[in-house]
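Coordinate analysis (summary)
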Amino acid sequence: MRHEWYKRFMPGTPRSPFSPQRGSQDVDVVVIGGGVNGVGVARDATLRGLKVALFERNDLAFGASGNSSGMIHGGVRYLSSDPEVTEASCRDSGHIQQIAPHLLFRIPFLMPLENTPRQKALFPLVDAFFTAYDDYQPLKRGKPHTRLTPEELRALEPGISGDLIGGISFDEWGIDGARLCVANAIDAKERGATIRVGTTVDRIERDTHSGQVAAVRYTDRRTGERGRLTTSVVVNATGAWSPLTTSMSGLPPERSRVRPGKGIHLVYDRRLSNYAIAGKTIDGRAIFIEPWQNMSVVGTTDDDYYGDLDNVRATSEEVRYLEQGIARVFPAVRSARLIGTWAGVRPTLYAFGPNEDALSRDHRVVDHANHGAPGMYSMIGGKLASYRLFSEEMVDVLSGVFKLGTRCQSHQLKLPGAEADVNESALRESLGIDAMAVRRLTYRHGARSLPIADAMQSDPRGKRIVCPCEPVTEAEIRHSVRHELAQDLHGVARRTRLGLGPCGGMRCAIRAGQIVGEELGWSPKQTIQETGSFLEKLAQTRAVGLGPAQAHQDALLMAHVQSQLGHTKEPPA
Amino acid sequence: MSHLLILGAGAAGTAAAYHAHARGLRVTVVHAAPGSTALSSGAFDIRPWDSPGPARALSESGQAFLERLGYWRSATNLRLATLGGRLRPAYACDPRLLNWSAMPQGALIVVPRVNRPNWDADLLCRALAEPAAALGLRVEARDANLLLKSDEVSITDSELAARWEANPDWVGAQLHACLSSGASAGGLLLGPWLGLQRSLAPELSAGLGCSVGEVVCTIGSSAGPRFEAARDQLLGSLGIATDVGWVDAVVREGNGWVLRTESPHREWRGDGLLLACGGIASGGVVFHRPDTNAGEDLPPTLEPSLRMGIAIEGMTMSLDGDRPLDLGGSIHGADIERHAWPQPYAPALLQTAGVWAPNSPSCGEHLWVAGDARAGRARTTGEAVESAIAAVELAARALTQ
């Protein structure tokens, strides 16, 4: 009922039967987009026996997937508007715990309620609401909620401020979205898929008579190398870029329309709290501060975005808006050290009218056979938490088209790194490196830490800690280039968090640039340029929220770069 | 005799003390740490080495100071290696640094492998190979055994430099073993380990028959302690009073100034004050977003985003040196992000922010500013020295009238 009007524009079933021959083309499926949905489809389709090639214009997890709140949450926000989204999210959160347990970490939440007549009246409703949410918690091994007094809240999290009537606790799971993307991509690759990062699809060729998808033409954005690959099916999983991608096939962009919603996060230099704390912005939106890996993260905004998707940045206005909201319930955030911002664009289902937060977080597969382009599909909407389910639904459609008869296994087969448990203390002893470095390594790589450890054993250079903030070893940097498709320092940072700590890359960027340059055969000049542009982009994410300590650190960083590299780009003519 | 107080003893403060002494003023220097001067790491520039523009020379007084400091030598066509893989020019440098342009054509420069953070001989050689070839030189990484004790893997560069200074014969023997393990070398490139108080470069070079020298490296390297040693020697030989203390208050008293530390309680009085306390990188100037520590919604006070590290009444600050920073149109302060990173022709605002003193180094009655503390200035040691000399000229005229 709710989505009926929608189906008129984006019907779910094709009008004419489309049954491509397998084997007559270079690949069966071309997936465009290396976000979580794209790599999820590539993995699932490969698991079901299809020949897949994936093209990503920038890098894996470049967009929304790598700039999300880093939660596989149960979608409690959508419980009243989209209960099916909540259920799907919870169920899939459980599946992701099965296939990638090493990537998940528990984030317990506290939601304080202010002592106002309105909140007082709401308290029983909130309690009842979370009682309803408790029904879904077992799906994701979550704990039921608890009703807390103000004293209990303050005992759990002494930094909570304000005149409170109490609050509730509930349970969520955190994840590194970029690692999730990399794990899916690597699994697909190891099972035979082709994954091309930094390669943009310029055109989707279609048969002039049938309109059927025939091939894609692509360009490697680094080398300029061009190519053509014949295929029966194209899956457009490009998130906010979706209309752009659709237009590459000659269809009008509105055939896969999204409502692009920019969301930013603030990153602080340490875990400021043990619990995530829910708060409200000046306009009443729900936001939070969460302990996330070794930092605290505040999120998020949701604003319609019309700018360049390849270059999304937080503004100082957005930073202050979030900080103001969180400071009301957790004032320590004002004096904490902000070390960076993330910005991404959600590919929300299109609707004209509702404000951003009220938009559905559901997802939909669009079959462009209805627009005269059989073989072309677009994945619209979705959430990090339900990526696997969305991918399964997409590949179910392909399974019907190719008459595969194979069942989805993406929720049963483990992702790379989850094959076995790692004995961290044994690993630490055998390597003789810092315990924190081992902990971070095994978090990111799970059982795949062992090949990295082997590389350290055979060449002790690999044990050297290049980025002391995270920390990241030389062996892990080389691994991310050789085996995880990192193409530059940003790619390494996305995979390892190198250079994203308080020093802003001062202690690691030059050396890491030389290591990546050696791996990728960069000239010394290019190495210096790449290092400079990496540091500059990071500096821009920090500049919007500079406080005294980080400003001092950034000035030191500039002096250091000036002394060691000089200007890293040519002066204007 | 008029008494000039100088706050800060980096390159600007030291040059000011030297020149004020020469101009016949009584001088007291109060300082805490060498600040940005330690970041120069032995390379002395007047204009930023990487920015286009005509070459400049130091003034006569600046040149005299440089020589008296006895620590930097002036030379033409200097080429110094950086850890970032550049062979960069410099106006002058610490004689411990290896000058690549003085190497004979075709010479081989050996870089020993030393297991220390920030030292990767193989990566460094790979990065330096191309610029070295442009000078007709070759580079080669070689195994060496240069760490005597296990803790030397992780101690600071300056600590290692002090140990080498105490044990030069052992270092010489190890370097000899390294050099004789392959083709004969014209140069040997090391980290900043060639001594703190004195330079080991001449004796090692003579003993080994090849030029031994260092790379330019910043942050935590030996440059700070070396500069301090050279400075203390210079100021001591001139009999200039120098006190170490984190000044808590700067207060005007009549026509003069008082510097005060709280614990222990100390005071210095003078007829004039010269600020040489550095910019944001040194902590002499602080970028302070007004809504840091704000209340619920708004900042507690309406202050511009810049202030001195030590409160001084009546200072006008500037982000770029072009215009003063006033309250502006936003109570949340200046949008520094509009110039977040240095560009070839434009330094970042974090580098140029400081005291607004547009046309002369005077920023108040009997108050002068030099070095990075002055908005829109410096970024180089040479600029700091020149601006200090200019400020002292004004001070000497004002105080001796």
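About the cut-offs
- Residues numbered from 1 in each chain as written.
- Chains lettered and ligands numbered in written order.
- Predicted model: local features only at pLDDT ≥ 70, side-chain atom pairs only at ≥ 80, totals over all residues.
- Heavy atoms only, no water.
- Axes fitted to C-alpha atoms, helices over the stretch in contact; angles between N-to-C directions.
- Helix = DSSP H or I, 4+ residues; strand = E, 2+ residues; numbered from the N terminus.
- Parallel < 35°, antiparallel > 145°, perpendicular 65-115°, else oblique.
- Left-handed = near helix turned anticlockwise from the far one by under 90°.
- Contact = heavy atoms within 4.5 Å.
- Pairing = 2+ DSSP bridges.
- Phe/Tyr/Trp six-rings, centres within 6.5 Å; stacked < 30°, edge-to-face > 60°.
- Buried < 20%, exposed > 50% of the residue type's maximum accessible area, 1.4 Å probe, protein only.
- Lys NZ or Arg CZ within 6 Å of the ring centre and 35° of its normal.
- Buried area = accessible area lost by both parts, 1.4 Å probe.
- Salt bridge = Lys/Arg side-chain N within 4 Å of Asp/Glu carboxyl O.
- Core = buried A, V, L, I, M, F, W, Y, C linked by side-chain atoms within 4.5 Å.
- pLDDT = per-residue confidence, 0-100.
- 1 Å grid on protein atoms, 1.4 Å probe; cavity = no way out; pocket = protein on both sides within 12 Å on 5 of 7 lines; lining within 4 Å.
- Points joined across faces, edges and corners; volume = space filled by probe spheres on them.
- Nonpolar A, V, L, I, M, F, W, Y, C, P; charged D, E, K, R; others polar.
- Expected span 1.5 Å × (residues − 1).

**Thoughts on the packing of helix H13 (residues 474-482) of chain A against helix H15 (residues 509-520) of chain A**
Residue and element names in this part refer to chain A.
- Remark: H13 packs on H15, axes separated minimally by 10 Å, with the N-to-C direction vectors making an angle of 40°. In terms of orientation, H13 lies oblique with respect to H15. As H13 packs across H15, the resulting crossing turns out to be right-handed. Contact residues: Glu474, Ile477, Arg478, Val481 and Arg482 in H13; Arg511, Ala512, Ile515, Val516, Glu518, Glu519 and Leu520 in H15.

**As for the sheet that holds strand S14 (residues 256-261) of chain B**
Residue and element names in this part refer to chain B.
- Within the open sheet, the 3 strands sit side by side as S13-S14-S15. Their pairing is antiparallel. Single-partner strands in this sheet number two, and they are strand S13 (249-253) and strand S15 (266-270). Direction aside, neighbouring strands of the sheet carry axes that sit 20° apart on average.

**As for the packing of aromatic side chains**
Residues and elements named next belong to chain A.
- Within the structure shown, the criterion is met by 15 aromatic pairs over all chains.
- Centroid distance tyrosine 133 to phenylalanine 170: 6.5 Å. Interplanar angle 75°. Geometry classified as edge-to-face. Of the two residues, tyrosine 133 is situated in helix H4 (residues 117-134) and phenylalanine 170 in strand S5 (residues 164-175); the sequence distance between them amounts to 37 residues. For the pair formed by tyrosine 133 and phenylalanine 170, the shared burial category is buried.
- Of the aromatic side chains, those joined through ring pairs into one cluster are Phe109, Phe129, Phe130, Tyr133, Phe170 and Phe288.
- The ring of phenylalanine 123 carries the charged tip of arginine 147 above its face, separated from the ring centre by 4.1 Å.
- Taking NZ or CZ as reference, arginine 257 lies 4.4 Å from the ring centre of tyrosine 350, over its face.

**Side note on the sheet that holds strand S8 (residues 108-113) of chain B**
Residue and element names in this part refer to chain B.
- An order of S9-S8-S10-S11 is seen for the 4 strands of this open sheet, with the pairing classed as parallel. Edge positions in the open sheet fall to strand S9 (138-143) and strand S11 (211-214), since each of these has one partner strand only. Neighbour to neighbour, the strand axes of the sheet diverge by 30° on average, direction disregarded.
- Summarising the sheet, strand S10 (residues 187-190) and S11 pair through 4 bridges and their orientation is parallel. Looking at the pairing, leucine 190 lines up with glutamate 214 of S11.

**Quick look at the interface of chain A and chain B**
- With 55 residues of chain A at the interface, the matching set in chain B holds 55 residues.
- At the boundary of chain A with chain B, total buried surface from both sides reaches about 4800 Å², with 54% on carbon and sulfur atoms.
- Its largest share of buried area at the contact with chain B, chain A owes to Arg334, Met558 and His567 of chain A, together 16% of the area lost on that side.
- If you look at where chain A meets chain B, you find 6 salt bridges.
- Here aspartate 120 of chain B makes a salt bridge to arginine 464 of chain A, at a shortest N to O gap of 3.7 Å.
- Elements represented by at least two residues in the side of chain A that touches chain B include exactly helix H8 (316-329), H13, H15, helix H16 (524-543) and helix H17 (548-564) of chain A.
- With 14 residues, H17 of chain A is the single largest residue contributor to the side of chain A that touches chain B.

**Considerations on the nonpolar core**
- In terms of nonpolar packing, the biggest core is built from 75 residues, with Val29, Leu180, Val235 and Leu398 of chain A touching the most fellow members.
- Excluding residues that lie within four positions of it along the chain, valine 235 of chain A makes contacts with Val29, Val30, Val31, Ile32, Val41, Tyr377, Met379, Met394 and Leu398 of chain A.
- Ala512 and Ala555 of chain A together with Trp257 and Met308 of chain B belong to the second-largest nonpolar core, a separate cluster that totals 71 residues.

**Quick word on the confidence of the model for chain A**
- Summarising the model, chain A shows a mean pLDDT of 93, and 97% of its residues fall at 70 or more.
- pLDDT under 50 marks residues 1-15 of chain A. Its contacts with residues more than four places away, or in other chains, come to 24 contacts.

**Concerning empty space enclosed by the protein**
- Counted under the stated rule, the structure contains 5 cavities of 30 Å³ or more.
- Taken as a whole, the largest cavity encloses approximately 110 Å³ of empty space.
- Along the walls of the largest cavity sit 13 residues, with Val561, Gly566 and His567 of chain A together with Trp341 and Pro342 of chain B positioned nearest its centre.
- Among the elements that take part in the lining of the largest cavity, H17 of chain A stands out by supplying 3 residues, more than any other.
- Across the lining of the largest cavity, the residue classes break down as 4 nonpolar, 5 polar and 4 charged.
- Estimated volume of the second largest cavity: approximately 80 Å³.
- Around the second largest cavity, the lining residues are Ile510, Gln514, Pro524, Thr527, Ile528, Thr531 and Leu565 of chain A together with Gly84, Gly85, Arg126 and Ala127 of chain B.

**A word on unusual backbone geometry**
- With omega at -10°, the peptide bond leading from glutamate 470 of chain A into proline 471 of chain A counts as cis.
- The omega torsion across serine 263 of chain B and proline 264 of chain B is 5°, close enough to zero to call that bond cis.
- Relative to the elements of secondary structure, proline 264 of chain B occurs in the loop between S14 and S15.
- A positive phi angle is found at serine 41 of chain B, which is not glycine, with a value near 50°.
- Tracing the chain through its elements places serine 41 of chain B in the loop between strand S2 (26-31) and strand S3 (43-44).
- Overall, the relative accessible area of 7% leaves serine 41 of chain B in the buried class.

**A closer look at helix H2 (residues 36-47) of chain A**
Residue and element names in this part refer to chain A.
- Between its first and last C-alpha, H2 extends 16 Å over 12 residues, near the 16 Å set by a 1.5 Å rise per residue.
- Taking burial as the measure, the 12 residues of H2 include 12 buried ones, the bulk of the element.
- Among the residues of H2, Val36, Asn37, Gly38, Val39, Gly40, Val41, Ala42, Arg43, Asp44, Ala45, Thr46 and Leu47 are the ones counted as buried.
- Downstream of H2 by a residue or two, glycine 49 has a phi angle that is positive, lying close to 100°.

**Examining the pairing of strand S13 (residues 295-299) of chain A**
Residue and element names in this part refer to chain A.
- Summarising burial for S13: 5 of the 5 residues are buried, a large majority.
- Side chains of S13 alternate between two faces, with Met295, Val297 and Gly299 and Ser296 and Val298 buried alike.
- With 4 bridges connecting them, strand S10 (residues 258-268) and S13 associate as antiparallel partners. Bridge assignment links leucine 266 to a residue of S13, and that residue is valine 298.
- In the sheet, strand S12 (residues 286-292) pairs with S13 via 5 bridges, with the strands oriented antiparallel. Its bridge partner lying in S13, isoleucine 289 is registered against valine 298.
- The turn joining S12 and S13, which pair antiparallel and follow one another in sequence, is formed by 2 residues; a positive phi near 50° is taken by glutamine 293.

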